[in-house]
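Descriptive structure summary
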Amino acid sequence: MISDTTSPHESRWRRGVYAAGLVIPFTASQLWALLVLLRLAPLGGLVGQAFVLLLLGSCVAIWAGWRWTWQLGRDRDHQPTSKTRVPT
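Residues numbered from 1 in each chain as written. Predicted model: local features only at pLDDT ≥ 70, side-chain atom pairs only at ≥ 80, totals over all residues. Heavy atoms only, no water.

**Overview of the overall build of the chain**
Our working definition: Secondary structure is summarised from DSSP: a helix means a run of H or I of at least four residues, a strand means a run of E of at least two, and numbering begins at the N terminus for each. Accessibility here uses a 1.4 Å probe with only protein chains present; expressed as a share of the type maximum, an area under 20% marks a residue as buried, one over 50% as exposed, and anything in between as partly exposed. Contact criterion: two residues are considered in contact whenever any of their non-hydrogen atoms come within 4.5 Å of each other. Computed with the Shrake-Rupley method and a 1.4 Å probe, the accessible areas treat only the protein chains shown as cover for residues.
Across its full length, the chain carries two helices and zero strands. Across the 88 residues of the chain, 15% fall into the buried class. Contacts spanning at least 24 positions in sequence make up 76% of the contacts within the chain whose residues lie at least 6 apart. Accessible area for the chain stands at about 7,700 Å²; split by element, carbon and sulfur atoms hold 68% of it.

**As for a nonpolar patch on the surface**
Test applied: Without a salt bridge and with relative accessible area above 30%, a residue can belong to a patch; like charges are then joined within 9 Å and nonpolar side chains (Val, Leu, Ile, Met, Phe, Trp, Tyr) within 5 Å. Salt bridge, as used here: a side-chain nitrogen of Lys or Arg that lies within 4 Å of a carboxyl oxygen of Asp or Glu.
A contiguous nonpolar surface patch, about 360 Å² in accessible area, is contributed by Leu35, Leu38, Leu43 and Val47. In this fold, Leu43 is placed in the loop between helix H1 (8-40) and helix H2 (46-73).

**Here's the deal with H2**
Counting along an α-helix, one turn takes 3.6 residues, and residues three or four places apart therefore face a common direction. This is how it is decided: To estimate how far a helix should reach, multiply one less than its number of residues by 1.5 Å.
Between the first and last C-alpha of H2 there are 41 Å, a value that for 28 residues agrees with the 40 Å anticipated at 1.5 Å per step. Here H2 has its buried residues at Gly48, Phe51, Ser58, Ile62, Gly65 and Thr69.

Okay, here's the thing in structure tokens:
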């Protein structure tokens, strides 16, 4: 019988790698799509306004994905802290 003796540091590292494995392809595909639109679409009128919204949405999505990756992989205690009561 094999017991799970994964250290907390190794577990955090593994979660960070899995998260990066998800975020990196999506970041690359969003950047590629933005570059294609920038090259092919005329940026006048409503198309230009839609492109600005798309650019802002992509930036927020990329930021959120990398923030999530950073939080999963960083060194922190996952146990809730207990509040100590001051005796009165």
